[in-house]
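Spelled out from the first residue to the last, the chains are:
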Amino acid sequence: MMTVNEVSRLTGVSIRTLHYYDKIGLLHPAGTTESGYRLYDDTALERLQHILLFRELQFPLKEIRQILDSPVFDRNRALEQQITLLELQKEHLENLIDLARGIKMIGVKRLDFSAFDTRKIDEYAKQAKASWGKSFAWKEFEEKNKNRAPEDMQKINIAFMSIFAEFGKLLNLPPEDEAVQKLVKKLQEFITEHFYTCTPDILRSLGRMYAGGGEMTENIDKVSGKGTADFAAAAIEVYCG
């Protein structure tokens, strides 16, 4: 666990900003000390990384919260975009360093401003941002979610996680068991009702995401028992196959 001061020093995000993220439901601490100071665990820090990525892509905080709280969120895709963005920023900095060294050694021989050009980075950020808003599933989720109060969304998320708690009670059964497969159908219908139309292809992708590690896997296993995320993913594969 890290205190809010330690997280601020580690990430460069101000304490005031972290408090604000907590207030608007974007990033809650994992707990508090006896004195009431916020504490953050690895799961919270991973979420903060994703928040900072989407801030780099110029998303408003409200949209970032909706993306991260939605089952449509693809952690691996977000990380791939983060890596690409960092590589572009690295290339930009290296070009600036080379220019500065050249000026130091031989002075300004010609007026070359190409090293200051950030259009490549800006264009990638623009495309990455657009990609999150293009999918039909995301647009449908956004439409269903636009008039929901935060407490309503919280109730839906609790009900969503309770389905995984039911999976946890069936861990002794094979994934192809009729009771397990009925539960997969219940999960699919819940997603369709509350989030977006959950086609077999989408459901299969979600199953792989549930077992893909990171925050979603940890949350499922924390609520339902270790191994539940993998079990649910295996059951989904059977259902979609």
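Residues numbered from 1 in each chain as written. Predicted model: local features only at pLDDT ≥ 70, side-chain atom pairs only at ≥ 80, totals over all residues. Heavy atoms only, no water.

### A look at the overall build of the protein chain
Now for step 1: Each helix and strand counted, the protein chain has 12 helices and three strands in total.
Now for step 2: Taken over the C-alpha atoms alone, the protein chain extends approximately 75 × 50 × 35 Å along its principal axes.
Now for step 3: Taking all 241 residues of the protein chain together, 37% fall into the buried category.
Now for step 4: Total accessible area on the protein chain is roughly 14200 Å²; 54% of this is exposed by carbon and sulfur atoms.
Now for step 5: Side chains of the protein chain carry 33 positive and 36 negative charges; the gap between the two charge centres is 6 Å. (Helix = DSSP H or I, 4+ residues; strand = E, 2+ residues; numbered from the N terminus. Buried < 20%, exposed > 50% of the residue type's maximum accessible area, 1.4 Å probe, protein only. Areas by Shrake-Rupley, 256 points an atom, 1.4 Å probe, with all protein chains shown as cover. Lys, Arg positive; Asp, Glu negative; His and termini not counted. Charge placed at Lys NZ, Arg CZ, Asp CG, Glu CD.)

### As for the environment of Ala235
Now for step 1: Relative to the assigned elements, Ala235 resides in helix 12 (residues 228–240).
Now for step 2: A relative accessible area of 0% means that Ala235 is categorised as buried.
Now for step 3: For the pair formed by Ala235 and Gln181, sequence separation is 54 residues and the distance between their alpha carbons is 6.6 Å.
Now for step 4: In this view, Ala235 contacts Phe167, Pro175, Val180, Gln181 and Val184; residues no more than four positions away in its chain are not counted. (Contact = heavy atoms within 4.5 Å.)

### Looking at the sheet that holds strand 1 (residues 2–3)
Each strand in a sheet pairs with its neighbour through backbone hydrogen bonds, running either in the same direction (parallel) or in the opposite one (antiparallel).
Now for step 1: Taken in spatial order, the three strands line up as 1-3-2 in an open sheet, and their pairing is antiparallel. At either end of the open sheet lies a strand with only one pairing partner, and these are strand 1 and strand 2 (31–32).
Now for step 2: Across two bridges, strand 1 lies against strand 3 (residues 38–40) in antiparallel orientation. Across the sheet, the residue bridging to Met2 is Tyr40, located in strand 3. (Pairing = 2+ DSSP bridges.)

### Structural notes on the packing of aromatic side chains
Now for step 1: Tallied over the full model, the rule gives seven aromatic pairs.
Now for step 2: Judged by centre distance (5.1 Å) and plane angle (85°), the rings of Phe164 and Tyr210 are edge-to-face. Residue Phe164 is located in helix 8 (residues 150–168), and its partner Tyr210 is located in helix 10 (residues 200–210); the two are separated by 46 residues in the primary sequence.
Now for step 3: For Phe164, a relative accessible area of 0% corresponds to the buried category.
Now for step 4: A network of ring pairs unites the aromatic residues Phe160, Phe164, Phe167, Phe190, Phe195, Tyr210 and Phe231 as a single cluster. (Phe/Tyr/Trp six-rings, centres within 6.5 Å; stacked < 30°, edge-to-face > 60°.)

### Some thoughts on the environment of Asn219
Now for step 1: Relative to the elements of secondary structure, Asn219 occurs in helix 11 (residues 215–224).
Now for step 2: Taking the relative accessible area as the measure of exposure, Asn219 reaches 25% and is therefore partly exposed.
Now for step 3: When residues no more than four places from it in sequence are discounted, the contact partners of Asn219 are Thr43 and Met161.

### A short note on the side chain of Thr43
Now for step 1: Within the secondary structure layout, Thr43 lies in helix 3 (residues 42–56).
Now for step 2: On the basis of relative accessibility, which here comes to 14%, the residue Thr43 falls in the buried class.
Now for step 3: Excluding anything up to four places from it in sequence, Thr43 contacts Glu215, Glu218 and Asn219.

### Digging into helix 3
Now for step 1: The first and last C-alpha atoms of helix 3 sit 21 Å apart over 15 residues, in line with the 21 Å expected at 1.5 Å per residue.
Now for step 2: Those residues of helix 3 that sit buried are Thr43, Ala44, Leu45, Glu46, Arg47, Leu48, His50, Ile51, Leu53 and Phe54. (Expected span 1.5 Å × (residues − 1).)

### Here we look at the packing of helix 10 against helix 12
Now for step 1: As a packed pair, helix 10 and helix 12 sit with axes 8 Å apart at the nearest point and diverge in direction by 160°. Accordingly, the angle class assigned to the pair helix 10 and helix 12 is roughly antiparallel. In this structure, the crossing between helix 10 and helix 12 has a hand that is left-handed. Residues Pro200, Leu203, Arg204, Gly207, Arg208 and Tyr210 of helix 10 form the contact with helix 12, whose participating residues are Ala229, Ala233, Ile236, Glu237, Tyr239 and Cys240. (Axes fitted to C-alpha atoms, helices over the stretch in contact; angles between N-to-C directions. Parallel < 35°, antiparallel > 145°, perpendicular 65-115°, else oblique. Left-handed = near helix turned anticlockwise from the far one by under 90°.)

### Some thoughts on the pattern of salt bridges
Now for step 1: Enumeration over the complete set of coordinates arrives at seven salt bridges.
Now for step 2: As a salt-bridge pair, Glu166 and Lys186 come within 2.7 Å of each other at their nearest N and O atoms. On the criterion of sequence distance, the pair formed by Glu166 in helix 8 and Lys186 in helix 9 (residues 178–194) is long-range, its members being 20 residues apart.
Now for step 3: On the accessibility criterion, Glu166 (29% relative accessible area) is partly exposed.
Now for step 4: Between Lys185 and Glu189 there is a salt bridge, with the nearest N and O atoms lying 2.4 Å from each other. (Salt bridge = Lys/Arg side-chain N within 4 Å of Asp/Glu carboxyl O.)

### Considerations on the side chain of Asp221
Now for step 1: Counting through the fold element by element, Asp221 comes out in helix 11.
Now for step 2: Notably, Asp221 is buried but unbridged: the nearest opposite-charge side chain belongs to Lys226, and the N-O separation is 5.3 Å.
Now for step 3: Residues within four places of Asp221 in sequence aside, it is in contact with Lys226, Gly227, Thr228 and Ala229.

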